[in-house]
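Here's the letter readout for the chains.
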Amino acid sequence: MNDIMTGLINVLSIDSLFFIALGMALGIFVGSMPGLSATMAIAILLPLTYSMDPANGISMLASLYMGGMYGGSILAILLRTPGTPAAAATVLDGYIMTENGQAGRALGISLISGLVGGVIGSIVLLSIAPFLGRVALNIGALEMFAVAVLGITIISSLSAGSVIKGLMSGSLGLLISLMGMHAITGIPRFTFGSIYLFDGISFVVALIGLFSIPQALKLIEKDQELVKASKIKDKILPPWRLIIGQRLNLLRSSLIGVITGLIPGTGGDTASWFSYNEAKRFSREKEKFGTGHVEGLVAPESANNAVVGGALVPTITLGVPGSSTTAVLLGGLMIHGIMPGPTLMTEHADVAYTLLWAVLISCIFLFFIGLLYTKVAVGITRIPGRVLAPIIVLLCVVGTFAVQNSMVDVMIMFGFGILGYFMDKLSIPVAPLVVGMILGGMLDTSLHQSLLIGDGSWGVFLTSPVAVILLVIALISVLQSTPLFGKVAALFKK
């Protein structure tokens, strides 16, 4: 208890609050720029923390992480251009609300949802981090495969209009995720003899192309129409009754974010799609998803901020990063001579609990700084499409090049942009393709590892109770989407 209070006192000091606020402001700004991820920003700012007090430096970086997760939703809502991969699911309903003249409402709902998700994730991190850390340690290849299979079932619920087109899109995403050298055998696949494809297709590069370039072309095609639809006519902060009405959705999605964050290798992008799918599954208005529905916006936004608390649990308690961003944070702790792991809470309790409290306090700054930034950002929607489109393309080029300093990535980004444009013209949903790309690599690697563990026997999956439960849920999810299931369910109702 003394260590907890010491951490709280440390984080409430003037200098600590200043650095937390600075990290939040930088995080929101970076997150709202296509291609500029929180991971990149933390890596760039890491050297600046060398001369700082370890608690203040790590707190600033953790706050930047939280801000980056929220910032990605701003351009996703306003311009259909997700700033971060975690904001891709936000596009489905957030941008439609903007087109319907509800940009302010969408941004307000996103802010409140992110705040709630961040607070829940922070509370979990602060209260039961050591226990959840031990749980995360028991998640292996078998469980990861089951999680990936369960995630693949999301494709059926995201295939609005045509299940066949959705499955085609998802299958294409899975194939793209297999490009590059195999993680286990080292054998190159689908590289077409090009050394530039040995590392595979960067998910960030593909995401920028799929969402941003088609939107820039649409802004040019329908300039005046989109400008009129994007004018801010409503209040930013939603009424409390709306938030209270979404309490179950907020809680469920936040818990999904925390649990997803606990699993090393996953992140806000996976959590967002999982929570979106579950929100649709439990909703009484499934047909409204993808048409500017509040539930479809609340779910991914609360989940991707809750991921922060979940991802920090294995990082702090086990020294195992839960995401690429926490891997950089892990390096920051080690640079200051602090070794994450089971002994962190005892040997460096002051820094550990200062960090835990800083994540919670950063949520307060998320609300106020996010509200100020949102009011400035809404001005983007008043810029004519013929002016905005070249700016979007320029940001895409700069953001893509910054990922790996490669012009090849820029060309790949434009290739995905053309693909996304024609998919939109043919009414083929992009969301299943994104899900396939996210989960394809995880599915492939964990399957290979699992079969090695079981000496080639598929029965190895039956040895893990967690994997069996998840695979059964996945099977039920698939059966629910079939016409036969609907007929059987109708018979039981009679």
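The rules behind these values
- Residues numbered from 1 in each chain as written.
- Predicted model: local features only at pLDDT ≥ 70, side-chain atom pairs only at ≥ 80, totals over all residues.
- Heavy atoms only, no water.
- Helix = DSSP H or I, 4+ residues; strand = E, 2+ residues; numbered from the N terminus.
- Contact = heavy atoms within 4.5 Å.
- Areas by Shrake-Rupley, 256 points an atom, 1.4 Å probe, with all protein chains shown as cover.
- Expected span 1.5 Å × (residues − 1).
- Buried < 20%, exposed > 50% of the residue type's maximum accessible area, 1.4 Å probe, protein only.
- Arc of directions from axis to C-beta.
- Patch = residues over 30% accessible without salt bridge, like charges linked within 9 Å, V, L, I, M, F, W, Y side chains within 5 Å.
- Salt bridge = Lys/Arg side-chain N within 4 Å of Asp/Glu carboxyl O.
- Bend = angle between axes of the 7 residues up to and from the residue.
- Axes fitted to C-alpha atoms, helices over the stretch in contact; angles between N-to-C directions.
- Left-handed = near helix turned anticlockwise from the far one by under 90°.
- Nonpolar A, V, L, I, M, F, W, Y, C, P; charged D, E, K, R; others polar.
- Phe/Tyr/Trp six-rings, centres within 6.5 Å; stacked < 30°, edge-to-face > 60°.

**Q** How do you make sense of the overall build of the protein chain when you look at a structure like this?
**A** For the protein chain, the helix and strand inventory stands at 23 helices and two strands. For the protein chain, long-range pairs separated by at least 24 residues make up 77% of all intrachain contacts whose partners lie at least 6 apart in sequence. For the protein chain, the exposed area adds up to about 20700 Å²; of that, 70% sits on carbon and sulfur atoms.

**Q** What exactly am I supposed to notice about helix α9 (residues 163-177) here?
**A** Residue pairs three or four apart in sequence face the same way in an α-helix, which turns once every 3.6 residues. For α9, which comprises 15 residues, the first-to-last C-alpha distance of 21 Å matches the rise-based estimate of 21 Å (1.5 Å per residue) to within 8%. Listed in full, the buried residues belonging to α9 are G166, S169, G170, G173, I176 and S177. The arc enclosing the buried residues of α9, seen along the axis, measures out at 120°, which places them on a common side. In α9, those exposed residues whose orientation departs by more than 90 degrees from the buried face are I164 and M168.

**Q** Honestly, a nonpolar patch on the surface in this entry has me stumped. Any pointers?
**A** On the surface, V163, I164, L167 and M168 cluster together into a nonpolar patch covering about 390 Å² of accessible area. Within the fold, M168 resides in helix α9.

**Q** What am I meant to see in the pattern of salt bridges here?
**A** Opposite charge on two side chains permits them to pair, given that their charged atoms come into close proximity. Under the definition given, this model contains three salt bridges. Notably, a salt bridge pairs D444 with R189, separated by 2.9 Å at the nearest N-O pair. Highlighted residues: D444 in helix α21 (residues 431-453) and R189 in strand β2 (residues 188-189), separated in sequence by 255 residues. Since its relative accessible area comes to 19%, D444 is described here as buried. According to the relative accessible area criterion, R189 is partly exposed, its value standing at 22%.

**Q** Honestly, helix α10 (residues 203-221) in this entry has me stumped. Any pointers?
**A** The end-to-end C-alpha separation of α10 is 27 Å, in line with the 27 Å expected for 19 residues at 1.5 Å each. G209 marks where α10 bends most, by close to 25°. Summarising burial for α10: 15 of the 19 residues are buried, a large majority.

**Q** Can you help me understand the environment of I176 in this one?
**A** Summarising the element assignment, I176 is placed in helix α9. We classify I176 as buried; its relative accessible area is 10%. In this structure the C-alpha to C-alpha distance between I176 and G200, which are 24 residues apart in sequence, comes to 8.1 Å. The contact partners of I176, leaving out residues within four places of it in the chain, are I201, F416 and M437.

**Q** In this structure, what is going on with the packing of helix α7 (residues 141-152) against α21? I would like to understand it.
**A** Each packed pair of helices is defined by two parameters, the angle between the axes and the distance between the axes. It is at 8 Å that the axes of α7 and α21 come closest, and there the two elements cross at 145°. The handedness of the crossing between α7 and α21 is left-handed. Touching A141, L142, M144, F145, A148, V149, G151 and I152 of α7 are V435, L439, M442, L443, S446, L447, Q449, S450 and I453, all from α21. Split by residue class, the contact of α7 with α21 holds 13 nonpolar, four polar and no charged.

**Q** Looking at this model, I keep getting lost on unusual backbone geometry. Mind explaining?
**A** One can expect most non-glycine residues to show negative phi and most peptide bonds to be in trans. Positive phi is not limited to glycine here, since F190 has a value of about 55°. Turning to its location among the elements, F190 is positioned in the loop between β2 and α10. On the basis of relative accessible area, F190 is assigned to the partly exposed category, the value being 45%. We note that D455 has phi near 55°; this positive angle belongs to a residue other than glycine. Looking at the secondary structure, you find D455 in the loop between α21 and α22 (465-480). Owing to a relative accessible area of 73%, D455 belongs among the exposed residues under this scheme.

**Q** Where do I start with the packing of aromatic side chains in this structure?
**A** The description of two aromatic rings rests on the distance between their centres and on the angle between their planes. Under the defined criterion, the tally for this structure stands at six aromatic pairs. Look at Y421 and F422: their rings are 5.5 Å apart centre to centre, the planes differ by 80°, and that puts the pair in the edge-to-face class. On the basis of relative accessibility, which here comes to 16%, the residue Y421 falls in the buried class.

**Q** Sorry, what's going on with the environment of L333 here?
**A** You can see L333 is positioned in helix α16 (residues 324-335). In this structure, the C-alpha to C-alpha distance between L333 and I316, residues 17 residues apart in sequence, is 9.5 Å.

By themselves these figures say nothing about function.
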